Amino acid sequence: MTAEKTQQEFQQRATELVKKMTLEEKVFQTLHSAPSIPRLDIKAYNYWNEALHGVARAGVATVFPQAIGLAATFDEDLIEEIADTISTEGRGKFNAQQKYGDHDIYKGLTFWSPNVNIFRDPRWGRGHETFGEDPFLSGTLGGRFVDGIQGHDETYLKAAACAKHFAVHSGPEDIRHSFNAEVSEQDLRETYLPAFKKLVKEHKVEAVMGAYNRTNGEPCCGSKTLLEDILRGEWEFVGHVTSDCWAIKDFHEHHMVTSNAVESVALAMNRGCDLNCGNLYVNLLQAVRDGLVEEETIDTALIRLFTTRMKLGLFDKEESIPFNTITYDQVDTKSSKELNIKASKKCVVLLKNEDNILPLNPKKITSVGVIGPNANNRNALVGNYEGTASEYITVLEGIKQVVPEDVRVYFSEGCHLFKNKLSNLSQENDRIAEVRAVCEHSDVVIACLGLDPGLEGEEGDQGNQFASGDKKTLALPGIQEDVLKTIYECGKPVILILLSGSALAVPWADEHIPAILQGWYPGAQGGRAIAELIFGDGNPEGKLPVTFYRTTEELPEFTDYAMKNRTYRYMKNEALYPFGYGLSYTTFEHTLLYVNTDTLGKGSNVECMVRVKNTGDYEGSVTTQAYVKYVGEDAPNCQLKGLKKVSLLPGEEKDIMIELDDRAFGLYNEEGEFILNQGEYELYLSDSQPDTRSIQLTGKNPIKIQFHAPETVLLGE
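Residue positions within a chain follow its written sequence, with the count starting from 1. Where totals are concerned, whole chains, interfaces and linings use all residues; where local detail is concerned, this predicted model gives features only for residues with pLDDT of at least 70, and gives and counts side-chain atom pairs only at 80 or more. As a rule here, side-chain values come from all non-hydrogen atoms in the structure, and water together with hydrogens is ignored.

Trainee: Which residues make up the packing of aromatic side chains, and what values go with them?
Mentor: Only centres within 6.5 Å qualify two rings of Phe, Tyr or Trp (six-membered ring in Trp) as a pair; their planes then separate them into stacked at under 30 degrees, edge-to-face at over 60, and tilted for everything else. According to the stated counting rule, one finds 24 aromatic pairs in the structure shown. When the centroid spacing of 6.3 Å and the interplanar angle of 75° are considered together, the rings of F119 and W124 count as edge-to-face. For the pair shown, F119 and W124 are each scored as buried. Here the aromatic rings of Y630 and Y681 are separated by 4.9 Å at their centres, their planes lie at 40°, and the arrangement is tilted. Here Y630 is found in strand β17 (residues 620-630), whereas its partner Y681 is found in strand β22 (residues 679-686), with 51 residues between them in sequence. Y681 carries the same exposure label as Y630, and that label is buried. Through a chain of ring-to-ring contacts, the aromatic side chains of W48, Y106, W112 and W246 assemble into a single cluster. Stacked on the ring of Y561, the Lys or Arg R120 has its end atom at 3.7 Å from the ring centre. We call a charge positioned above a ring when the Lys NZ or Arg CZ atom is no farther than 6 Å from the ring centre and deviates by at most 35 degrees from the ring normal. Directly above the aromatic system of Y385 lies the positively charged group of K164, at a separation of 4.8 Å from the ring centroid. With a 1.4 Å probe rolled over the protein chains alone, any residue whose accessible area is under 20% of its type maximum counts as buried; one over 50% counts as exposed, and the rest are partly exposed. In DSSP terms, a helix is any run of H or I states spanning at least four residues, a strand is any run of E spanning at least two, and both are numbered starting from the N terminus.

As structure tokens, this is what we get:
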């Protein structure tokens, strides 16, 4: 049975079911907390569930690294493996909850993940929920996440994924309910839409969630341009659309595009927003009576919603659903814990390793000092939209587990995460003497600094300390850098671990600290993973999915959604640490063996055979990255268009094929047309970007291949 035929059959069954409902029954089925209809054998169902990096908010589940950390793996196979594990745990929990009659929020199979918004500005508090700043990476990893969540059964979905927040959404958080994101057609098509398009067209994501803000004047959850013209029209999306939570009331309360709740629900429903996260859609009863919404429009929405529930197997016999064999004992298993540690290791980015100070040899040291507010901070392991882990291992705990018993581990919190003292009655910097004492008695010092989800997150999250979850600056908060300078002045070797969900400006550390690791929010097992990497059990392989800037001041206005001078694709200044950058304990060499053409045209398919060799002393994994640059006026910088990851033993080499179709070389013009421009193109192949800063940091020049396009052609959508 083809997927299209299965879809049609489920739609037909959903149509027959909806015909049997009264208008009032229909209206209440458009709410995220859809009630039961006993006379039609319809159980209560709550659509609201979260699975950003593990099944969230409903008890114990594996808490994987936060999405931005997973993005740093540059490993699409790993992303699907993790999402498949999340989906298994989701089914195991769902089956148990159904058995005991629990139909509450966070207990369904419709997971509102992944978040494929572009991390446009490093100050955005929710950026750590995304796969970074690049549309290609976001679409590639987001697509494989969808595959893992939804599964590959020919008839049923294992769970339903949701691409959010559609579209042009990346802060500021404190004005998101009234904000109008103004964006050119070129930026819309080239930056903000590609990941969503890939998830819809290629990966058949089941649901799409609208955003809170307006885009070019239209509220996203009621936008003709986004929902009708692009999503349903151009992309032929057949799944369902949900609003973000209570976003529809913003239409009349904050965006002022409607006058009252009845007009707001009419606008959203008529534009194709099928599901209301919230309760405003009860006003659809009045909207129908007032002639603002046709009952048939609600029918269409419900057919989409019930089609999803039928694809999940919620209306078929239990024994006919393959995923009903997944039981609660498949939640939080030994294998998922091992996968979690593996993922945590893979997401760590080695930013600096002067004189190969890392990895440390535990047999050559007698004492280790661990200093910093994130060293023993569980919150800095997990990010937001998290589940409850059965075990948390902080960096301090991980180091204690990894070093031999005869190695003394000293600890000082060093300072508060963002305040200037830890004890209210103390003087400022009240742990600095302890910091010096720890340094004095330690052979090597590991500083663990950065942020936690209390400093960057979603507006309204409990615990946000400032700026509604957005960061005010890119600097280390509070007095963390002062403490780091004190540690450095003590004269001992220093390793800096940064735990954060976003880029930090750390130019002083880059100049003075010999080794720096970016650990993100590395998951519940993250402390163990980081400790093992530091002491040589494993090799860092992460690459930056975002640019690390030198200063806050070089950024455009936070509210400016034009891409000019934003992200590695358009920035003019030199980065502190560029997108795509990340070191290893070993070294890799790339050699071009073959390229099949030097000419580009419509239908072109470029094939490059590259030999990758591990030329160092450690086993390691490397991501070969393909960047395309059009050598034309006002063209973007190089853009990531291909990835291939391999693992190699010392001295081992493998040949890999990088394939790029004509679309990898296309650019959108100001009218939003997708064009292969006449002229010269460059393709770069290496394990980093071809920018001057990456070359300086790695000491390597990438492979450069030149192409010519003899004429300008329209590639079309």
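Here the narrative resumes, following the displayed structure.
Trainee: Please provide a residue-by-residue account of the sheet that holds strand β8 (residues 240-242), values included.
Mentor: Strand pairing is defined by DSSP finding a minimum of two bridges between the two strands. With respect to topology, three strands assemble into an open sheet ordered β3-β5-β8, the strand pairing being parallel. Sheet topology places β3 (162-166) and β8 at the edges, where each strand pairs with a single neighbour. If you compare each strand with its neighbour and ignore which way they point, the axes differ by 25° on average. The pairing of strand β5 (residues 207-210) with β8 spans three bridges and is classified as parallel. Structural elements are reduced to axes, namely lines fitted to C-alpha atoms, with helices fitted over the stretch in contact, and the angle between N-to-C directions of any two is expressed from 0 to 180 degrees.

Trainee: Give a description of the nonpolar core that names residues and reports values.
Mentor: M21, W112, F166, V205, L231 and Y281 are the most contacted members of the largest nonpolar core, which totals 119 residues. Should any heavy atoms of two residues lie within 4.5 Å, those residues are considered in contact. Not counting residues up to four positions away in its chain, the partners in contact with V205 are V146, Q150, A161, C162, A163, L199, V200 and F237. To qualify as a nonpolar core, a set must consist of buried Ala, Val, Leu, Ile, Met, Phe, Trp, Tyr and Cys residues joined through side-chain atoms within 4.5 Å. Counting 44 residues, the second largest nonpolar core, distinct from the first, contains A72, V435, L504 and I513.

Trainee: Give me the pattern of salt bridges: which residues, what numbers.
Mentor: Any Lys or Arg side-chain nitrogen located within 4 Å of an Asp or Glu carboxyl oxygen qualifies as a salt bridge. Within this structure, the stated rule accounts for 44 salt bridges. Between D316 and R13 there is a salt bridge, and its shortest N-O distance comes to 2.6 Å. Of this pair, D316 sits in the loop between α12 (295-311) and α13 (334-347) while R13 is found in helix α1 (residues 3-19), placing the two residues 303 residues apart along the sequence. With a relative accessible area of 33%, R13 lands in the partly exposed category. A salt bridge links R126 to E458, with the shortest nitrogen-to-oxygen separation between them at 3.1 Å. You can see R126 sitting in the loop between α4 (76-99) and α5 (135-150) and its partner E458 sitting in the loop between β12 (444-450) and α17 (480-489), a full 332 residues away along the chain. Exposure remark for R126: the relative accessible area of 0% places this residue in the buried category.

Trainee: So what's going on with the packing of α4 against α13? Residues and values would help.
Mentor: Put simply, α4 and α13 touch, their axes get as near as 11 Å, and they point 145° apart. Classified by chirality, the crossing of α13 by α4 is left-handed. Contact with α4, carried on its side by L78, E81, I82, T85 and E89, involves S336, L339, K342, A343 and K346 of α13 and no other residues of that element. Under the scheme applied here, ten amino acids are nonpolar (Ala, Val, Leu, Ile, Met, Phe, Trp, Tyr, Cys and Pro), four are charged (Asp, Glu, Lys and Arg), and all others, including Gly, are polar. Across the contact of α4 with α13, the residue classes tally to four nonpolar, two polar and four charged. Note: crossing handedness is left-handed where the near helix turns anticlockwise from the far helix by less than a right angle, and right-handed where it turns clockwise.

Trainee: Any chance you could break down the environment of W48 for me, citing the residues and the numbers?
Mentor: Along the chain, W48 turns up in the loop between β2 (45-46) and α3 (67-72). Residue W48 is classed as buried on the basis of its relative accessible area, which comes to 10%. Separated by 133 residues in the primary sequence, W48 and A181 place their C-alpha atoms 26 Å from one another. Those residues in contact with W48 that lie beyond four places of it in its chain are H32, R57, I105, Y106, K107, T110, W112, C245, W246 and C277.

Trainee: Could you give me a rundown of the UniProt feature "domain: Fibronectin type III-like" (unreviewed entry) in the protein chain, with the residues and numbers involved?
Mentor: The positions UniProt marks with the feature "domain: Fibronectin type III-like" (unreviewed entry) are residues 622-689. Within the segment residues 622-689, helix and strand shares are 0% and 60% respectively, and the terminal C-alpha atoms sit 14 Å apart. UniProt positions are given in the numbering used here, feature names are shortened, and annotations may be inferred rather than shown by experiment.

Trainee: Explain unusual backbone geometry residue by residue, including any values.
Mentor: Leaving glycine aside, a negative phi is the common case for residues, and trans is the common case for peptide bonds. Here the bond from K164 into H165 is cis, since omega is -5°, no more than 30 degrees from zero. Locating H165 in the fold gives a position in strand β3. With an omega of 0°, the peptide bond between L358 and P359 qualifies as cis. Position of P359 relative to the elements: it lies in the loop between β9 (349-353) and β10 (367-371). The phi torsion at K204 lies on the positive side, around 55°, for a residue other than glycine. Here K204 is to be found in the loop between α7 (194-201) and β5. Since its relative accessible area comes to 55%, K204 is described here as exposed.

Trainee: Before we move on, could you go through the state of the cysteines and cite the residues and values that matter?
Mentor: Note that a disulfide, as used here, is simply two cysteine sulfur atoms within 2.5 Å. Enumeration over the complete set of coordinates arrives at one disulfide. Each sulfur in the disulfide pair C245 and C277 lies 2.1 Å from the other. Around the S-S axis, the bridge from C245 to C277 shows a dihedral of about 85° and counts as right-handed. Residue C245 is located in the loop between β8 and α9 (250-253), and its partner C277 is located in the loop between α10 (261-271) and α11 (284-289); the two are separated by 32 residues in the primary sequence. The burial state of C245 is the same as that of C277; both residues are buried. Looking at the unpaired C273, the closest cysteine sulfur is the one in C221, lying at 5.2 Å.

Trainee: Hey, could you go over the environment of D153 for me, with residue numbers and the actual values?
Mentor: Mapped onto the fold, D153 is located in the loop between α5 and β3. Owing to a relative accessible area of 34%, D153 belongs among the partly exposed residues under this scheme. Distance in space between the C-alpha atoms of D153 and L188 is 34 Å, their sequence separation being 35 residues. A polar contact of 2.9 Å, which involves the side chain of D153, links it to the backbone nitrogen of T155. The definition of a polar contact used here is a pair of N or O atoms within 3.5 Å, where within protein one atom must be able to donate a hydrogen and the other to accept one, and adjacent residues in sequence count solely through side-chain atom pairs.

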